[in-house]
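# Structure at a glance
Letter by letter, the chains look like this.
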Amino acid sequence: MRLWNYQTVRGFAALEVANDAVVEIPANAVPLAPADTEEGDAAQAEADGGGFNREEAFFSLLVQEPDAVAAVTAVQNAVDAIDGATTYFTFANSADLRVNFTRTDGATRVVSRIWWQPSLRGFAGEHGLLPERCLELGARSARQVRDGLPANVRSAATFAIPEDAAALVNVIVQSIWQFRCESGEE
């Protein structure tokens, strides 16, 4: 059960045109892990005393941002519609939402990760697409990631909300399909 369930997701199915504004990704953004495991989540829950809820932590950052909550709901709905894809929440340096894809052989990979940037009123994230493709899909800004990140992380992109909500959904969905195709799943 999702903690925040908005009835409508206003027009996020259609790709919106991104404007020319540039939103910078902070240098201290935490890199995407290659894949999280249930064992890792269980260890985190044990370390947290069992009472820490990552989903609540994530959405607590969005209490005053109904458009951001609607965008996350749109992401979750789009991911839920793809076989083998799931969303889950973590708490690295800050609360984030990650999108996993599990291949038919059982191998799982994080294909996208987003986190809220309150000063920018939007999401920043890391994705499996090249920066040029993120921009084609409507990301506000995108750049190639630095060396040392997992091979599936190709770009860091930003999305102003509500303007770029459709682009956020599209970049995440395309990241899933990119990994599926590269894995021979399609």
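Counting restarts for each chain, with residues numbered from 1 along the sequence as it is written. Local features in this predicted model are restricted to residues whose pLDDT is 70 or higher, and side-chain atom pairs enter the listing and the counts only when it is 80 or higher, whereas totals over whole chains, interfaces and linings include all residues. By convention in this description, side-chain values take in all heavy atoms of the structure and omit both hydrogens and water.

We now examine the nonpolar core. Nonpolar cores were defined as sets of buried Ala, Val, Leu, Ile, Met, Phe, Trp, Tyr and Cys residues, with membership established by side-chain atoms within 4.5 Å. Exposure categories follow from relative accessible area, calculated using a 1.4 Å probe and restricted to protein chains: below 20% of the type maximum is buried, above 50% is exposed, and the middle band is partly exposed. Grouped together as the largest cluster of nonpolar side chains are 38 residues, with contacts concentrated most on Phe58, Leu62, Phe123, Leu168, Ile172 and Ile176. Helix and strand definitions follow DSSP, with helices as H or I runs of at least four residues and strands as E runs of at least two, each counted in order from the N terminus. Every element with two or more residues in this core is listed here: helix H2 (54–60), helix H3 (66–80), strand S1 (85–91), strand S2 (95–102), strand S3 (108–117), strand S6 (155–160) and helix H5 (165–182).

The next point concerns the packing of aromatic side chains. Stacked, tilted and edge-to-face pairs are distinguished by plane angle, under 30 degrees for stacked and over 60 for edge-to-face with tilted covering the rest, among Phe, Tyr and Trp rings (Trp via its six-membered ring) whose centres lie within 6.5 Å. Taken as a whole and judged by the stated rule, the model has six aromatic pairs. Ring plane angle 10° and centroid distance 6.4 Å describe the contact between phenylalanine 58 and phenylalanine 123, whose orientation is recorded as stacked. With phenylalanine 58 in helix H2 and phenylalanine 123 in strand S4 (residues 122–127), this residue pair connects regions lying 65 residues apart in the sequence. A ring pair is formed by phenylalanine 101 and phenylalanine 179, whose centres lie 6.0 Å apart and whose planes are at 75°; its orientation type is edge-to-face. One end of the pair, phenylalanine 101, is in strand S2; the other, phenylalanine 179, is in helix H5, with 78 residues separating them in the sequence. Assessed through its relative accessible area of 2%, phenylalanine 101 is described here as buried.

The subject of this paragraph is the packing of H3 against H5. Note on geometry: axes are lines fitted to C-alpha atoms, helical ones only across the stretch in contact, with angles between N-to-C directions running from 0 to 180 degrees. At their nearest, the axes of H3 and H5 sit 9 Å apart, and the two run at 30° to each other. Compared by their axis directions, H3 and H5 come out roughly parallel. Relative to H5, the crossing made by H3 is right-handed. Each of Ala71, Ala74, Val75, Ala78 and Val79 in H3 lies in contact with H5, whose residues at this interface are Ala165, Leu168, Val169, Ile172, Val173 and Ile176. Any angle that is under 35 degrees is reported as roughly parallel, and any over 145 degrees as roughly antiparallel; angles of 65 to 115 degrees are reported as roughly perpendicular and all others as oblique. Crossing handedness is defined as follows: a turn of the near helix away from the far one that is anticlockwise and smaller than a right angle gives a left-handed crossing, while the clockwise case is right-handed. Two residues qualify as a contact provided that any one of their heavy atoms is within 4.5 Å of a heavy atom in the partner residue.

On to H3. The end-to-end C-alpha separation of H3 is 21 Å, in line with the 21 Å expected for 15 residues at 1.5 Å each. By the burial criterion, the buried members of H3 are Ala68, Val69, Ala70, Ala71, Val72, Thr73, Ala74, Val75, Gln76 and Val79. Contacts from the buried residues of H3 go to H2, S1, S2, S3, S4 and H5. Helix span, as expected, comes to 1.5 Å for every residue beyond the first.

What follows is about the pairing of S6. Two faces, one strand: in a regular strand the side chains alternate between the faces of the sheet. The buried fraction of S6 amounts to six of the six residues, a majority that puts the element mostly inside the structure. Going residue by residue along S6, you find Ser155, Ala157 and Phe159 tucked away on one face and Ala156, Thr158 and Ala160 tucked away on the opposite face as well. Sheet topology places strand S5 (residues 141–144) next to S6; four bridges connect them, and they run antiparallel. Its bridge partner lying in S6, glutamine 144 is registered against serine 155. At least two DSSP bridges between two strands are needed for those strands to be called paired.

On to unusual backbone geometry. Between isoleucine 161 and the following residue, proline 162, the backbone shows a cis peptide bond with an omega angle of 10°. For proline 162, the position within the fold is in the loop between S6 and H5.

Take the side chain of arginine 113 next. Tracing the backbone through its elements, the reader meets arginine 113 in strand S3. Here a polar contact means two N or O atoms within 3.5 Å. Within protein one must be a hydrogen donor candidate and the other an acceptor candidate, and residues neighboring in sequence count only if both atoms are side-chain atoms. Polar side-chain contacts of arginine 113 include one of 2.5 Å to the side chain of aspartate 96.

This paragraph deals with the pattern of salt bridges. Throughout this description, the term salt bridge denotes a Lys or Arg side-chain nitrogen within 4 Å of a carboxyl oxygen of Asp or Glu. Under the criterion given, the structure shown has eight salt bridges. Linking arginine 113 and glutamate 126 is a salt bridge whose minimum nitrogen-to-oxygen distance equals 3.5 Å. Here arginine 113 is found in strand S3, whereas its partner glutamate 126 is found in strand S4, with 13 residues between them in sequence. Like glutamate 126, arginine 113 is buried. Arginine 140 is paired through a salt bridge with aspartate 164; the nearest N and O atoms lie 2.9 Å apart. In this pair, arginine 140 sits in the loop between helix H4 (131–136) and S5 while aspartate 164 sits in the loop between S6 and H5, placing the two residues 24 residues apart along the sequence. According to the relative accessible area criterion, arginine 140 is buried, its value standing at 9%. By relative accessible area, aspartate 164 is classed as buried at 2%.

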